[in-house]
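One letter stands for each residue in the lines below.
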Amino acid sequence: MEKKIYTADELNHVEKDELARIILSLQENTARMMENQDLVMEQIAILRQQRFGRRSEKMDVIDGQMSLFFNEPEAAAGEPGTQAEEPEFEEVVIRRKKKKKGKREDDLKDMPVTVIQHEMSEDELNAAFPDGRYKRLPDEVYKRLEFHPASFEVKEHHVAVYAGMDNETIVKAGRPKDLLRGSIVTPSLEAAIINGKYVNSLPLYRMEQEFKRNDVNLCRQNMANWTIQCADRYLAVMYDHLHKLLYGYHVLQADETPVEATKDGRAAGAKSYMWIYRTGKPYPQAIVLYEYQKDRKADHPQEFLKGFQGVCVTDGYQAYHSLEEKTEGLAIAGCWAHARRKYAEALKAIKDKEKRKGTLAYDALKQIGAIYKIDNELAGLEPAERQHRRQLEAKPLVDAYFAWVKKHQDEVLPKSQTGKAFAYSLNQEQYLRVFLEDGEVPLDNNATESTLRGFCIGKHNWRLIDTIRGAKSSAIIYSITETAKANG
């Protein structure tokens with residue numbers, strides 16, 4: 001119904017009740033406009049921060065004892081004058097384990113060393129010691145690390161051929177099996193291609209250019225074909241084996257990220273998904289598996305995890321929750337990092353750091369930070385003891401947090417970032433509490449998100465994702481490379 005617009009003269013003659021109604025309606029509309037304006041300004045601030053701000057979720061909690069960093073390079077570098085000293089040679093070379101005192105020579109024994117002698121000539125010695133009386137002391141030794149670019153070597157195989165004197169019998173000497181029959185590709189070459197593309201996120205065309213600079217003409221089409229064939233023929237066997245081993249763990253973690261396969265029978269731009277499943281963060285031996293699917297339906301994790309009995313840590317996506325309802329013996333645990341993320345976004349929209357401290361979002365982050373602090377202190381305990389201590393120390397903080405959210409929920413706009421954060425926590429409460437009942441369940445799904453990060457960087461450079469076959473091959477290879485990385 002169209003609202004009446006009053007003139008000044010008409011307002012002078014309206015009844016008292018009608019005038020009161022007009023004023024109340026005006027106040028209501030003004031309040032709604034102010035709310036919408038606040039929401040729009042908050043969203044603009046968040047979008048501006050996401051576009052131009054630092055990619056950081058740093059937060060100091062309880063006198064700076066708790067900080068979460070996503071901007072590791074800036075954080076690690078430090079302010080001017082506080083940077084780390086130039087590393088020693090051994091610190092650069094030995095990365096896997098902290099160097100033990102007295103083990104330097106043993107640590108370096110497997111690395112090739114070229115000894116370069118620097119000696120004085122006879123004339124220099126005579127000038128330094130005119131009387132000819134001197135002795136040679138132990139050499140002063142220092143080390144420098146040299147880098148040699150990739151080198152190529154042609155292995156030319158000569159297979160001996162023998163013929164009987166009857167001119168009927170011909171016999172050839174044995175030869176090693178080829179990686180791909182009739183192809184020049186070798187295991188070392190294919191490993192370099194996989195490492196470049198799937199570990200270092202280099203697109204194939206860049207590798208093609210780099211090979212040309214080394215006088216080797218390998219086109220990207222050949223490299224793509226070799227990679228797909230090797231994934232299907234060899235690595236798929238390892239993938240299936242790891243999938244079976246995955247079921248032997250009590251806690252898994254899962255997530256998914258959108259991808260685009262341009263030739264999957266759908267219109268251009270249609271979203272596909274790469275699902276990721278990995279063993280829980282506390283386990284020392286990790287398994288990471290990717291699976292390509294054309295959509296985000298709950299059927300896919302249900303099929304992939306068919307027969308799994310245990311706990312799966314996920315974000316708040318409803319597909320996982322419906323999976324719990326359909327699968328006997330499967331429990332879903334929530335992610336506290338997702339619960340805190342919307343609060344962090346709400347704070348980023350406030351430029352004045354002092355004003356942030358007076359907000360509900362800041363108070364929420366402090367409480368979640370306290371839960372993280374307690375749980376981090378329990379990381380080295382056995383699962384049974386960790387579960388016991390979580391009940392004693394973390395559960396009261398969790399109870400207090402949810403009681404606090406319910407108390408303040410009506411104080412914020414539901415569509416504001418803080419309002420959304422409150423709603424998320426309350427909707428996910430039963431899943432966010434699961435870690436309290438099981439010492440093997442991690443507090444969040446960050447391990448899976450960290451594993452996905454390299455994949456998300458690489459997907460902007462893909463060429464094999466054009467087809468469904470290429471996407472499935474990529475899933476297999478990423479599974480092998482990420483599992484290897486996760487195990488050091």
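Predicted, not measured: the structure shown is a model, and the values here were computed from it. (Residues numbered from 1 in each chain as written. Predicted model: local features only at pLDDT ≥ 70, side-chain atom pairs only at ≥ 80, totals over all residues. Heavy atoms only, no water.)

**Digging into the pairing of strand E7 (residues 330–333)**
Relative to E7, strand E6 (residues 310–313) is paired through four bridges, and the arrangement is parallel. Bridge pairing in E7 links Val313 to Ala333. After leaving E6, the chain enters helix H11 (residues 318–326) and then returns to the sheet as E7, a path that is right-handed. (Pairing = 2+ DSSP bridges. Helix = DSSP H or I, 4+ residues; strand = E, 2+ residues; numbered from the N terminus. Right-handed = clockwise from strand over helix to strand, strands pointing away.)

**Considering the packing of helix H7 (residues 187–199) against helix H9 (residues 220–246)**
The packing of two helices is summarised by the inter-axis angle and the distance between the axes. As a packed pair, H7 and H9 sit with axes 10 Å apart at the nearest point and diverge in direction by 100 degrees. Classified by the interaxial angle, the pair formed by H7 and H9 is roughly perpendicular. On the side of H7, the interface is formed by Leu189, Glu190, Ile193, Ile194 and Tyr198, while H9 contributes Met223, Trp226, Thr227, Cys230 and Leu235. Considering only residue class, the contact of H7 with H9 consists of eight nonpolar, one polar and one charged. (Axes fitted to C-alpha atoms, helices over the stretch in contact; angles between N-to-C directions. Parallel < 35°, antiparallel > 145°, perpendicular 65-115°, else oblique. Contact = heavy atoms within 4.5 Å. Nonpolar A, V, L, I, M, F, W, Y, C, P; charged D, E, K, R; others polar.)

**A closer look at the environment of Trp275**
Among the structural elements, Trp275 can be located in strand E4 (residues 272–279). Using a relative accessible area of 0% as the deciding quantity, one classes Trp275 as buried. With 19 residues separating them along the chain, Trp275 and Glu256 place their C-alpha atoms 4.2 Å apart. Here Asp295 takes part through its backbone oxygen, which lies 3.5 Å from a polar atom of the side chain of Trp275. (Buried < 20%, exposed > 50% of the residue type's maximum accessible area, 1.4 Å probe, protein only. Polar contact = N/O pair within 3.5 Å; in protein donor to acceptor, adjacent residues only side chain to side chain.)

**Remarks on the nonpolar core**
Judged by nonpolar contacts, the single largest core of 61 residues is most densely connected at Leu305, Trp336, Tyr343, Tyr401 and Phe435. Take this core: its biggest share by element is nine residues, from helix H14 (residues 360–377). Excluding anything up to four places from it in sequence, Tyr343 contacts Ala361, Ala364, Leu365, Ile368, Tyr401, Val405, Thr418, Ala421, Phe422 and Ser425. Among the nonpolar cores identified, the runner-up in size contains 16 residues, and Met274, Tyr292, Phe455 and Ala475 belong to it. (Core = buried A, V, L, I, M, F, W, Y, C linked by side-chain atoms within 4.5 Å.)

**A short note on the pattern of salt bridges**
The full count for this structure, using the stated rule, is 18 salt bridges. Between Glu377 and Lys373 there is a salt bridge; the shortest N-O distance is 2.8 Å. Here Glu377 pairs with Lys373, and both are found in helix H14, just four residues apart, close to one helical turn. The class of Lys373 is buried, set by a relative accessible area of 18%. Three or more residues are tied together by salt bridges with common partners; here these are Lys395, Asp399, Lys406, Glu429 and Arg433. (Salt bridge = Lys/Arg side-chain N within 4 Å of Asp/Glu carboxyl O.)

**Notes on unusual backbone geometry**
In this structure, Ser201 is a non-glycine residue whose phi angle is positive, near 60 degrees. Looking at Ser201, the relative accessible area reads 10%, which means it is buried. In this model, Asp215 sits at a positive phi of 65 degrees, which is unusual for a non-glycine residue. Relative to the assigned elements, Asp215 resides in the loop between helix H8 (204–213) and H9.

**What about the packing of aromatic side chains?**
All told, the structure shown has 17 aromatic pairs when counted by the stated rule. Here Tyr317 and Tyr320 contribute two aromatic rings whose centre-to-centre distance is 5.9 Å and whose plane-to-plane angle is 85 degrees, an arrangement assigned as edge-to-face. Here Tyr320 falls in the buried class, since its relative accessible area comes to 1%. Both rings, one in Tyr343 and one in Phe422, keep their centres 5.9 Å apart while their planes meet at 65 degrees; by these two values the pair is edge-to-face. Here Phe422 lies in helix H16 (residues 417–427) and Tyr343 lies in helix H12 (residues 336–348), a separation of 79 residues in the sequence. Here Tyr343 falls in the buried class, since its relative accessible area comes to 0%. (Phe/Tyr/Trp six-rings, centres within 6.5 Å; stacked < 30°, edge-to-face > 60°.)

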